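# Architecture at a glance
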Amino acid sequence: MTSVPEVTMRHPWEMPPAPGEAIEVAEGVWWMRLPLPMKLDHVNVYALDDGDGWTVIDTGFSSKKTRAIWEQLMAGPLKGKPVKRVVVTHHHPDHIGNAGWFQSEHGAELVTTRTAWLFARMLTLDVQEEWPQETLDYYRSAGMDPEIYDKRAADRPFNFADVVYPMPLGFTRIKQGDVFRMGGRDWDVHMGNGHAPEHATFWSRDDNLVITGDQILSSISPNIGVYATEPMADPLADWLEACERLAPLARADHIALGGHKLPFSRLPLRMRQLIDNHHGALDRLLDHLDQPKTAAECFAPLFKRSIGEGEYGLALVEAVAHVNHLYCIGKLDRSRREDGAWLYQRKG
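Computed from a predicted model, the values in this text were never measured in an experiment.

A separate point is the pairing of strand β6 (residues 109-112). Sheet topology note: the strand β5 (residues 83-87)/β6 ladder contains three bridges and is parallel. Bridge pairing in β6 links valine 87 to valine 111. Bridge count between β6 and strand β7 (residues 172-173): two bridges; the pairing is parallel. Within β7, the position partnered with threonine 112 by the bridge is arginine 173.

Here's what the structure looks like:
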């Protein structure tokens, strides 16, 4: 494992914009922030000035509160000019949540990757009033804490449509290798993966801006999780491959505009830190699995801190991602416990 130099990120702006306000991070590029009702309590969104209108990057959860903030932003910092395009980096609700509203109510064009659109459209239509058996089976297979399992199973399941505005048919696809013009700049489109499939990142040809979405973040690691939709997935391999592929594009002078936390520079260092952190976590996990354990019993070596109930779900899916990776590359054996949980152990 490569050692990480003891150097911290540089944050050109130490404080985020207040709700309803914006910070100009470069000519014609505005940074805004929307609230989220969870421990990670915000998402960053951006607006790029196209002259006769705006291109907006990401949109926040669908809620009356968030849309009221958007109305305030459009009337204030965005000067009443129309939002003509909405670019969505990936399909997660805090990013695509209001895309359908911009399309339906403001006539905006939705621009995103095919996988992001298909996933979001499918999930908004897949409304469940009771937990699907496959999800409950997945939780048991991961060794979910019985108390948390019982509490979840007794509640109405979370539905994507709860926080994503109905999405009309129709979008414009972006893909790897495209050159996309917005905000008076040409941007190279490069695909990330792992945190979300076919996650778009944008690298300006005309200055030092990079829109990283959630693929690369400044002070937290992107969540990399396995879900009941694909329980044997190896998203960690996808994320590592994408970051190693993107790393040669990164320059020290780049200003990275992420989906959460603060914009930052020293992008090559941050990418190396994130990659090395995951390799270190895998090494610790292998040491931990000298005896059979479930994914839920692997929090300590992965996170090195206590995990509260509010973080438990994200921690669990990330733990499954790490044991899945070690299993897929042949480092672990696994066996099924009587209650349905998978037990993982390091190979002799």
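Next comes the rest of the write-up.
Turning our attention to the packing of helix α1 (residues 64-75) against helix α3 (residues 99-106). Following both chains from N to C, one finds α1 and α3 inclined at 60°, their axes separated by 12 Å at the closest point. By the angle between their axes, α1 is oblique relative to α3. Crossing of α1 over α3 shows right-handed handedness. Within the contact between the two elements, α1 uses Arg67, Trp70, Glu71 and Met74 and α3 uses Trp101, Phe102 and His106.

What follows concerns the sheet that holds strand β4 (residues 54-57). One open sheet holds the seven strands; their spatial order is β1-β2-β3-β4-β5-β6-β7, and the pairing between them is mixed. At either end of the open sheet lies a strand with only one pairing partner, and these are β1 (23-26) and β7. The sheet strands contacting α1 are β2 (29-35), β3 (42-49), β4 and β5, and the helix crosses β2 at an angle near 155°.

Attention now goes to the nonpolar core. Ranked by size, the top nonpolar core spans 48 residues in total, and within it Leu267, Leu316 and Val323 carry the most contacts. Listed by contribution, the elements that provide at least two residues to this core are α5 (133-141), α6 (146-154), α7 (235-246), α8 (267-288), α9 (299-303), α10 (309-328) and β14 (342-346). Tallying contributions element by element places α10 first for this core, with nine residues. Non-local contacts of leucine 267, meaning those with residues more than four positions away in its chain, are made with Trp203, Val210, Ile216, Ala250, Arg251, His254 and Ala256. Formed by 32 residues, the second largest nonpolar core is a distinct cluster that contains Val88, Ala99, Leu123 and Tyr165.

What follows covers the UniProt feature "domain: Metallo-beta-lactamase" (unreviewed entry) in the protein. Residues annotated in UniProt with the feature "domain: Metallo-beta-lactamase" (unreviewed entry) correspond here to residues 42-260. End C-alpha to end C-alpha, residues 42-260 measures 7 Å, and it is 30% helix and 23% strand.

What counts and what doesn't
- Residues numbered from 1 in each chain as written.
- Predicted model: local features only at pLDDT ≥ 70, side-chain atom pairs only at ≥ 80, totals over all residues.
- Heavy atoms only, no water.
- Pairing = 2+ DSSP bridges.
- Helix = DSSP H or I, 4+ residues; strand = E, 2+ residues; numbered from the N terminus.
- Axes fitted to C-alpha atoms, helices over the stretch in contact; angles between N-to-C directions.
- Parallel < 35°, antiparallel > 145°, perpendicular 65-115°, else oblique.
- Left-handed = near helix turned anticlockwise from the far one by under 90°.
- Contact = heavy atoms within 4.5 Å.
- Core = buried A, V, L, I, M, F, W, Y, C linked by side-chain atoms within 4.5 Å.
- Buried < 20%, exposed > 50% of the residue type's maximum accessible area, 1.4 Å probe, protein only.
- UniProt positions renumbered as here; feature names shortened; annotations may be inferred.

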